[in-house]
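Next come the chains, spelled out residue by residue.
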Amino acid sequence: METFVRYTKFDGSLHWNHPATYLGADQHGTWLGVPAGATLLRDTTPKTLSYKFVMLFPRDAWWTVCFNAQPTRTELYCDITTVPVITPEEVTMVDLDLDVTRWRDGTVNLLDEDEFIEHQAKYDYPPEVVKSAQDSADWLLRAVRERQAPFDGIHEEWLRLVP
């Protein structure tokens, strides 16, 4: 079953958006897959990927994550977002700029802190949104570094389901 993934910015403008295949759900949330060769749109700019990946959308957390297959150097990429709204047809959330990555060599980074500060002023993020985003980034940094579930390799079984 195809599901559309739609990330927006805080003002409602389109960010990343693309179709994905529903793979299933578990205690961590909803899993979607995207095959190698798929074209994603960033705003309206197409980007075709050479690798497949799976996405996890937790039910009640302020983040999403893409687990990438080889050959990409980025093992996983977490976006700090509002809590995803999941229906059978679509998953939507607001991208809140901060990102946590883990590279294949195990290095973990927090990205786009400058963009987060800039957008707090530009979009007038409410204090509770700022706090939730910062708390999520702190939790993700720890969980990803320590390889706590779902960042412990569980994604590999889902990745096998993507052609």
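Residues numbered from 1 in each chain as written. Predicted model: local features only at pLDDT ≥ 70, side-chain atom pairs only at ≥ 80, totals over all residues. Heavy atoms only, no water.

### Quick look at the pattern of salt bridges
Then, in step 1: Scanning all chains against the criterion turns up seven salt bridges.
Then, in step 2: Between Arg 6 and Glu 90 there is a salt bridge, with its nearest N and O atoms 2.8 Å apart. Remark: Glu 90 occurs in strand S10 (residues 90–103) and Arg 6 occurs in strand S1 (residues 2–8); sequence separation between them is 84 residues.
Then, in step 3: A salt bridge links Lys 9 to Asp 97, with the shortest nitrogen-to-oxygen separation between them at 2.9 Å. With Lys 9 in the loop between S1 and strand S2 (14–26) and Asp 97 in strand S10, the pair connects residues that are 88 residues apart, well separated along the chain. With respect to burial, Lys 9 and Asp 97 carry one shared label: buried.
Then, in step 4: Counted as one network, the salt bridges with shared partners bring together Lys 9, Asp 95, Asp 97 and Glu 115. (Salt bridge = Lys/Arg side-chain N within 4 Å of Asp/Glu carboxyl O. Helix = DSSP H or I, 4+ residues; strand = E, 2+ residues; numbered from the N terminus. Buried < 20%, exposed > 50% of the residue type's maximum accessible area, 1.4 Å probe, protein only.)

### A look at unusual backbone geometry
Then, in step 1: For the bond running from Gln 70 to Pro 71, omega is 15°, close enough to zero to count as cis.
Then, in step 2: Note on placement: Pro 71 falls in the loop between strand S7 (63–68) and strand S8 (74–81).
Then, in step 3: For the peptide bond that leads from Ala 149 to Pro 150, omega is 5°, which places it in the cis range.
Then, in step 4: Along the chain, the position of Pro 150 falls in the loop between helix H2 (127–145) and helix H3 (155–159).
Then, in step 5: Phi at Asp 97 is positive, roughly 80°, even though this residue is not glycine.
Then, in step 6: Here Arg 147, not a glycine, exhibits a phi torsion of approximately 55°, which is positive.

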